[in-house]
Amino acid sequence: MHNRMLEIAVGIFMIAGLFALIFLATQVSGLTHFSKGGYYTITAEFDNIGSLKPRAPVRIAGVTIGRVESIDLNPKTFRATVKLLIEDSDSNLPTDTEARIQTEGILGANYIALSPGFDEASLVDNGRITITHPALILENLIGQMLFKQKEKPNHE
Amino acid sequence: MLELVSRLGRVGIQNCQQLGVSGLFLSRILFRRPRIGASYKLLVDQLFVVGVLSLSIIVVSGLFIGMVLGLQGVNTLQRFGAEAQLGQLVALSVVRELGPVVTALLFAGRAGSALAAEIGLMRATDQIASMEMMAVDPMWRIISPRFWAGVISMPILAMIFNVVAIWGGYVVGVKWLGVDMGAFWSNMQSSVDFNQDVLNGIIKTVVFGFAVTWIAVYQGFYSIPTAAGISLATTRSVVYGSLAVLGLDFILTIMMLKGW
């Protein structure tokens, strides 16, 4: 009898551990959200990615539809090649979709915003986004502004 | 002068010898023909002693650590108007570091010391010698179930600790201090990655459980068979276990952050 109680206690302990793992997977890391379906990859080349990091979100109209898989430098063109993982449920992106690197708030992390075009054909797996806009670098903007202000008196 | 050098040499040789003995000891635990049917009962007994009975201290300390993290987090994040990031702060610090390390330290104190003292007393009262006389292998009968019980319990305890600590942070942050519930969970889910954070934390706990129980069982088995020897073995199992956990945590964190 005593041994049976002991085995039950150990069994409950194991089950509690299993539930803890399930809780960590679903509630804490939000795993279910990303394991629903498959993904497909598309690549995009940017002149400047700013401080974009792998695993940054990819969004359309603010809704997250994928993640940045990897960032590499193209040795021929010296542009950044960014691989994007997009959920299969959003597989009807037109081929003339534009990719733009944006920032969440003033100090937030970078993400990729896609704005769909009007083409009939859709991007397929391993497709490429050709129209891209580089990240806005705050320092460059300030530099340009200062430069313009210096020039102004000459024009007037 | 020469005496000093020779003493240093003796200490060095002794330490190397101990390291070798403990390595052989570990290999005797690991590489043995498993006897599943007979070992099962012994293992369940030890899982109860090592795992289930450690649960209370793990749950209570997890709750308090989570609640303190919630309080401190809200207090600090409020200065930047970023209380919404509380979930991320609590979850990442608990899952990556606090959960594995604090559980392992408590485990070394609660279970490791008990293991060392128990086995040390068996050695001191000649129970181990009499087992060998009766052709019962003490490695199989005493050491192996305790070792595996420690290795199995430690990750389970740490996962329970993680959940309780996050819940504690949730109770203080959301229920008490009024952080938005949706922001708490969604920020947590968007920043915590299952492979990078949760799984790496679990790998840490397995390594810590291995190290802590190995040290405890070794210290007990090779303790000096006197009252003072048992007290020394118990102290050492806690001190060496805790130091090993902290050192290994640093090494594992480097490996995980910089890529394997």
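All chains use their own residue numbering, which begins from 1 and follows the written sequence. Working convention: letters from A go to chains and numbers from 1 go to ligands, in the order in which they are written. Restriction of local features to residues with pLDDT of at least 70 applies here, the model being predicted, together with a cutoff of 80 or more for giving and counting side-chain atom pairs; totals for whole chains, interfaces and linings are based on all residues.

> Sorry, what's going on with the overall build of chain A here?
On a plain count of helices and strands, chain A comes out with three helices and eight strands. Starting at the N terminus, helices and strands are each numbered in turn, a helix being any DSSP run of H or I of at least four residues and a strand any DSSP run of E of at least two. Walking chain A from its N terminus toward its C terminus, one meets helices and strands in the order α-α-β-β-β-β-β-β-β-β-α. Remark: C-beta atoms are placed from the backbone, and a residue is labelled buried if 20 or more other C-beta atoms sit within 10 Å of its own, exposed if 12 or fewer do, or partly exposed between those counts. Here chain A holds 156 residues, and the buried ones make up 21% of them. By the convention adopted here, residues make contact when the C-beta atoms placed from their backbones lie within 7 Å. Counting only contacts in chain A whose residues sit at least 6 apart along the sequence, the fraction spanning at least 24 positions is 63%.

> Help me out: how do you make sense of the overall build of chain B in this one?
Scanning chain B from N- to C-terminus turns up nine helices and zero strands. Counting from the amino terminus, chain B carries its helices and strands in the arrangement α-α-α-α-α-α-α-α-α. Along the longest, intermediate and shortest principal axes, the C-alpha atoms of chain B span 65 × 55 × 35 Å. The burial tally for chain B puts 43% of its 260 residues in the buried class.

> What exactly am I supposed to notice about the interface of chain A and chain B here?
How big an interface is tends to be stated in terms of accessible area lost as the parts join. Between chain A and chain B, the residue contacts involve 19 residues of the former and 24 residues of the latter. Here the side of chain A that touches chain B takes 15 residues from helix 1 (residues 2-28) of chain A, the largest share from any one element. Residues are grouped as follows: nonpolar covers Ala, Val, Leu, Ile, Met, Phe, Trp, Tyr, Cys and Pro; charged covers Asp, Glu, Lys and Arg; every other residue, Gly included, is treated as polar. Residue classes in the side of chain A that touches chain B are distributed as 13 nonpolar, four polar and two charged.

> Teacher, can you tell me more about the pairing of strand 6 (residues 110-115) of chain A here?
Note on strand geometry: in a regular strand, side chains alternate between the two faces of the sheet. Residue and element names in this part refer to chain A. In this sheet, strand 6 lies alongside strand 2 (residues 57-60) in parallel orientation, the contact comprising three bridges. Within strand 6, the residue paired with V58 across the bridge is I112. For strand 5 (residues 98-103) and strand 6, the ladder comprises six bridges, and the chain directions are antiparallel. Bridged to Q102 within strand 6 is Y111. In this scheme, strands are said to pair when DSSP sees at least two bridges between them.

> I keep staring at unusual backbone geometry and nothing clicks. Help me out?
Excluding glycine, most residues fall at negative phi; most peptide bonds, likewise, are trans. Residue and element names in this part refer to chain A. One non-glycine residue, F78, adopts positive backbone phi at about 60°. Secondary-structure assignment places F78 in the loop between strand 3 (63-73) and strand 4 (80-87). On the basis of neighbour count, F78 is assigned to the exposed category, with 8 C-beta atoms found within 10 Å. Despite not being glycine, N126 has its phi angle at roughly 65°, a positive value. Relative to the elements of secondary structure, N126 occurs in the loop between strand 6 and strand 7 (127-129).

> So what exactly am I meant to see when it comes to the confidence of the model for chain A here?
Low-pLDDT portions of the prediction should not be read for the details of their coordinates. One number per residue, pLDDT, summarises how confident the predictor is, and it ranges from 0 to 100. Looking at chain A as a whole, its pLDDT mean stands at 82, while 88% of the residues score no less than 70. Across chain A, the secondary-structure element scoring lowest on mean pLDDT is helix 2 (residues 31-35) of chain A, at 53, and the one scoring highest is strand 4 of chain A, at 88.

> Is there a simple way to explain helix 8 (residues 194-221) of chain B in this structure?
Structurally, the α-helix is built with 3.6 residues per turn, so residues lying three or four positions apart point the same way. Look at helix 8 of chain B: 39 Å from first C-alpha to last across 28 residues, which is about the 40 Å you get at 1.5 Å a residue. Helix 8 of chain B sits mainly inside the fold: 20 of its 28 residues count as buried. A helix's residues, less one, multiplied by 1.5 Å, set its expected span.

> I would appreciate a short explanation of the nonpolar core in the present structure.
Side chains of a nonpolar character, in soluble globular proteins, are inclined to be buried together. A set of buried Ala, Val, Leu, Ile, Met, Phe, Trp, Tyr and Cys residues, joined to one another through C-beta atoms within 7 Å, is what we call a nonpolar core. Of all hydrophobic cores here, the largest spans 72 residues; its most connected members are B:I160, B:V212 and B:V217. Of all the elements in the fold, those that place two or more residues in this core are helix 1 of chain A together with helix 2 (36-50), helix 3 (55-77), helix 4 (86-124), helix 6 (138-176), helix 7 (181-191), helix 8 and helix 9 (227-257) of chain B. For B:V212, the contacting residues outside a window of four places in its chain are B:A104, B:F107, B:A108, B:G112, B:G150, B:G241 and B:V245. Core analysis: the next-biggest nonpolar cluster, separate from the first, contains 21 residues, A:F46, A:I86, A:L93 and A:I101 among them.

> Whenever I open this one, the pairing of strand 1 (residues 39-46) of chain A confuses me. Can you help?
All names here are of chain A. Pairing analysis gives eight bridges linking strand 1 to strand 4, with the strands arranged antiparallel. Opposite F46, over in strand 4, you have A80 as the bridge partner. Pairing geometry for strand 1 and strand 7, over three bridges, is parallel. Bridge pairing links A44 to I129 in strand 7.

> I would appreciate a short explanation of the sheet that holds strand 5 of chain A in the present structure.
Adjacent strands of a sheet form backbone hydrogen bonds with each other and so pair up, either parallel or antiparallel. Residue and element names in this part refer to chain A. Within the open sheet, the eight strands sit side by side as 7-1-4-3-2-6-5-8. Their pairing is mixed. Every interior strand has two partners, whereas the edge strands, strand 7 and strand 8 (131-133), have only one. Direction aside, the axes of adjacent strands within the sheet are offset by 30° on average. As paired elements, strand 5 and strand 8 share three bridges and run parallel to each other. In the sheet register, A99 faces strand 8, and the bridge partner there is T132. Orientation is described by axes fitted as lines to C-alpha atoms, over the contacting stretch for helices, and by angles from 0 to 180 degrees between their N-to-C directions.

> What exactly am I supposed to notice about the packing of helix 4 of chain B against helix 7 of chain B here?
A packed helix pair is summarised by two numbers, namely the angle formed by the two axes and the spacing between the axes. Residues and elements named next belong to chain B. Contact pair helix 4 / helix 7: the axes reach a minimum separation of 7 Å and the direction vectors enclose 50°. Regarding the angle of helix 4 to helix 7, the classification is oblique. When you trace helix 4 past helix 7, the crossing you get is right-handed. Contacts between helix 4 and helix 7 involve L86, G87, Q88, A91 and L92 from the first element and F184, W185, N187, M188 and S191 from the second. By residue class, the composition of the contact of helix 4 with helix 7 is six nonpolar, four polar and no charged. Angular relationships are summarised with four words: roughly parallel below 35 degrees, roughly antiparallel beyond 145, roughly perpendicular across 65 to 115, and oblique for the angles in between. Two helices that cross are described as forming a left-handed crossing if the nearer one is turned anticlockwise from the farther one by less than a right angle, and a right-handed crossing if clockwise.

> Honestly, helix 9 of chain B in this entry has me stumped. Any pointers?
Residues and elements named next belong to chain B. With 31 residues, helix 9 extends 45 Å between its outermost C-alpha atoms, agreeing within 8% with the 45 Å of an ideal straight helix rising 1.5 Å per residue. Within helix 9, the full set of buried residues consists of I230, A233, T234, S237, V238, G241, S242 and V245. Next to the buried residues of helix 9 lie helix 4 and helix 8.

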